[in-house]
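One-letter residues, chain by chain:
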Amino acid sequence: MSNLATRPSTKRFNAASVAPLFPEAEAQANLARYLPVVLSALHEEGVDHPALVLLALATIRAESAGFAPIDEYPSAWNTAPGGKAFALYDHRHDLGNQGAGDGETYRGRGFIQLTGRDNYQRYGDRLGVDLIHRPELANDPEVAAHLLALFIKDREQALLQAYREGDLPAARALINGGRHGLDVFRQTMNRGQQLIADDAGRTVASTRSSCDTGAISGLSQQVLNELGLDGHLIRINHPLINGEGDQNNPWLQPAAYRDLVRAVNERGRPLRINSALRTPMQQHLLHQQWRRGECGISAAARPPWSQHNSGLAIDIEDAPGWRPYLEQHGWRWLGPHDPMHFDYVRGGIDLGAEQVRAYQRLWNRHHPQRPLVVDGLWGPATEAAVNRSPAAGFGHS
Ligand SMILES: [Zn+2]
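Residues numbered from 1 in each chain as written. Predicted model: local features only at pLDDT ≥ 70, side-chain atom pairs only at ≥ 80, totals over all residues.

**Concerning the overall build of the protein chain**
Basically, it comes down to this: Here a strand is any run of E in DSSP of at least two residues, a helix any run of H or I of at least four, and the numbering for each starts at the N terminus. Two things to know: the radius of gyration comes from C-alpha atoms, and the globule rule equals 2.2 Å times the number of residues to the power 0.38. Partly exposed residues are those whose C-beta has more than 12 but fewer than 20 other C-beta atoms within 10 Å; with 20 or more the residue is buried, with 12 or fewer it is exposed, and the C-beta atoms are placed from the backbone. Working definition of a contact: two residues with C-beta atoms, positioned from the backbone, lying within 7 Å.
Secondary structure assignment for the protein chain yields 16 helices and 7 strands. In summary, the protein chain has a C-alpha radius of gyration of 29 Å against a globular reference of 21 Å for 397 residues, an excess of more than 25%. When its C-alpha atoms are laid out on the principal axes, the protein chain stretches across 95 × 45 × 35 Å. For the protein chain, buried positions account for 41% of its 397 residues. Pairs at least 24 apart in sequence give 65% of the contacts found in the protein chain among residues at least 6 apart.

**As for the sheet that holds strand β4 (residues 271-275)**
Rule in force here: For two strands to be treated as a pair, DSSP must find at least two bridges joining them. The axes used here are C-alpha line fits, helices contributing only the stretch in contact, and every angle between their N-to-C directions lies in the interval 0 to 180 degrees.
Read across the open sheet, the 5 strands follow the order β2-β4-β5-β7-β6; overall the sheet is mixed. Both edges of this open sheet fall to β2 (241-242) and β6 (331-333), since each of them pairs with a single strand only. The strands touched by helix α12 (residues 254-267) within the sheet are β2, β4, β6 and β7 (341-344), with β6 carrying the most contacts at an inclination of about 75°. Here helix α14 (residues 319-327) sits on the sheet and contacts β4, β5 (313-316), β6 and β7; the angle it forms with β6, its principal contact strand, is near 140°.

**So, the pairing of β5**
Burial of the side chains of β5 extends over both faces: Ala313 and Asp315 are buried on one face and Ile314 and Ile316 on the other. Pairing geometry for β4 and β5, over 2 bridges, is antiparallel. Among the inter-strand pairings, Ser275 is bridged to a residue of β5, identified as Asp315. The pairing of β5 with β7 spans 3 bridges and is classified as antiparallel. From the neighbouring strand, Asp315 faces β7, where its bridge partner is His341.

**Considerations on the domain arrangement of the protein chain**
Bring the parts together and some accessible area is lost; that lost area is often taken as the interface size. The cut-off we apply is this: All domain edges in this entry derive from an automatic or database-based domain assignment.
Entries for the protein chain in the domain assignment read domain 1 (3-69 + 140-197) and domain 2 (205-352). Placing a centre on the C-alpha atoms of domain 1 and another on those of domain 2 gives a separation of 44 Å.

**Comments concerning the pairing of β7**
Inspection of the sheet shows β6 paired to β7 by 3 bridges, in the antiparallel sense. Counted as the bridge partner of Trp333 is Phe342 from β7.

**A word on the nonpolar core**
Rules: The nonpolar core is taken to be a set of buried Ala, Val, Leu, Ile, Met, Phe, Trp, Tyr and Cys residues joined by way of C-beta atoms within 7 Å.
One finds Leu42, Leu55, Ala56, Leu148 and Ile152 to be the most contacted residues of the largest nonpolar core, which totals 48 residues. At the level of elements, α2 (25-44), α3 (50-63), α5 (117-127), α6 (141-154), α7 (156-164), α8 (168-176) and α9 (182-197) are the ones that each hand at least two residues to this core. Looking at this core, the element that brings in the most residues is α3, giving 10 residues.

**Here's the deal with α7**
Filter applied, for reference: Here, the arc refers to the directions that run from the helix axis to the C-beta atoms.
Within the sequence span of α7, burial applies to Leu159, Ala162 and Tyr163. When α7 is viewed along its axis, its buried side chains cluster within an angular range of 100° and face the same direction. Exposed side of α7, more than 90 degrees from the buried face: Gln157 and Arg164 are the residues found there. The inward-facing, buried residues of α7 abut α3, α6 and α8. At the C-terminal side of α7, Gly166 shows a positive phi close to 65°.

**Focus on the packing of α5 against α6**
Any two packed helices are characterised by how steeply their axes cross, that is the angle between the axes, and by the distance between the axes. Convention followed: To sort the angles, those under 35 degrees are grouped as roughly parallel, those over 145 as roughly antiparallel, those from 65 to 115 as roughly perpendicular, and the leftovers as oblique. Gly is placed with the polar residues, together with every amino acid not listed as nonpolar (Ala, Val, Leu, Ile, Met, Phe, Trp, Tyr, Cys and Pro) or charged (Asp, Glu, Lys and Arg).
Orientation of α5 relative to α6, taken along the N-to-C sense of each, is 105°, at an axis distance of 11 Å. With respect to each other, α5 and α6 are oriented roughly perpendicular. The residues of α6 that touch α5, namely those facing Tyr123, Arg126 and Leu127, are Val143, His146, Leu147 and Leu150. Taken together, the residues of the contact of α5 with α6 sort by class into 5 nonpolar, 1 polar and 1 charged.

Next up, the structure:
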């Protein structure tokens with residue numbers, strides 16, 4: 001589950017948080033003026049993923065350190081020594097320019113330096129603004145912000161891929177066509193990492209309303225790896241038992257699994273398991289959903305007190321049909337308040353506290369300056385840490 005594909009947020013970007021990215025004095029007043037316009041445009045075009053917002057800001061800085069939509073300056077790129085300004089662009093057919101005057105008329109403008117008759121025509125059409133006859137509108141803050149957003153949108157997947165691979169020259173080239181301003185672009189991206197590093201993806205808490213504990217399967221898997229499953233648990237692997245799915249960790253303690261297989265073989269029919277082993281983080285989400293009356297959760301214990309946290313419980317389909325077989329083999333139906341749930345009652349060990357310890361160790365490795373006490377207890381500090389842990393797992397942000 002890629003954290004780069006999940007729901008974006010622009011709340012973390014505001015004039016104060018972005019100010020360190022734009023150290024130039026004139027940028028500060030412009031940030032207050034233009035940043036909201038830029039963020040709105042990115043949101044409206046559907047490209048407000050944090051990584052894309054940062055790429056957009058770094059692009060603005062590479063084009064306009066003062067954070068304002070501006071005209072391109074005459075330079076050796078566009079103007080011959082002693083010649084008319086921008087005349088070197090007049091016959092750039094690759095830009096769609098058609099001759100004398102087009103170079104100056106359709107010179108670079110805006111936050112991304114829209115350049116050339118073709119681009120003015122194409123993007124003006126998309127925005128419903130007549131940029132061919134009123135090219136100066138490319139510097140209008142709203143228009144300039146939407147031009148930037150459309151450029152990002154047209155290259156969204158390639159930009160995200162370059163970002164994921166840390167290939168900033170490729171990201172810069174996708175917008176600029178070359179490496180102009182690459183150093184400033186890179187510097188801005190590096191400074192901005194602070195803004196998005198902690199939670200570029202979703203946090204555990206932010207997945208609650210999705211009603212899908214599979215949304216934190218990345219973090220869950222890390223904790224299970226840390227726990228070391230093979231010492232304590234057996235993976236469900238039987239032709240009549242289907243326990244696959246993002247929400248389920250198909251593992252049980254050895255005795256519980258052995259007796260489950262006996263019941264299944266006795267009935268000789270397929271068994272669908274919706275939930276077997278749960279991590280305390282998954283249990284936490286279910287418990288929160290149940291307390292709030294969300295997601296149709298009929299019952300969920302506090303973590304780590306569910307037998308699911310120890311690999312000693314299952315939630316299944318067709319519980320009434322299975323009940324006589326399971327109860328012959330050490331599994332007990334919990335009752336009508338949680339009608340899919342069976343507990344294994346012939347013994348086992350408590351893995352709930354072990355799982356919490358595994359989580360606490362994992363957190364501490366990634367936050368050595370803010371460690372949790374590794375006590376296996378689900379206290380307020382541990383719960384707060386879980387809530388802000390990345391759903392995709394540590395180190396994937
Ligand atoms: Zn259950």
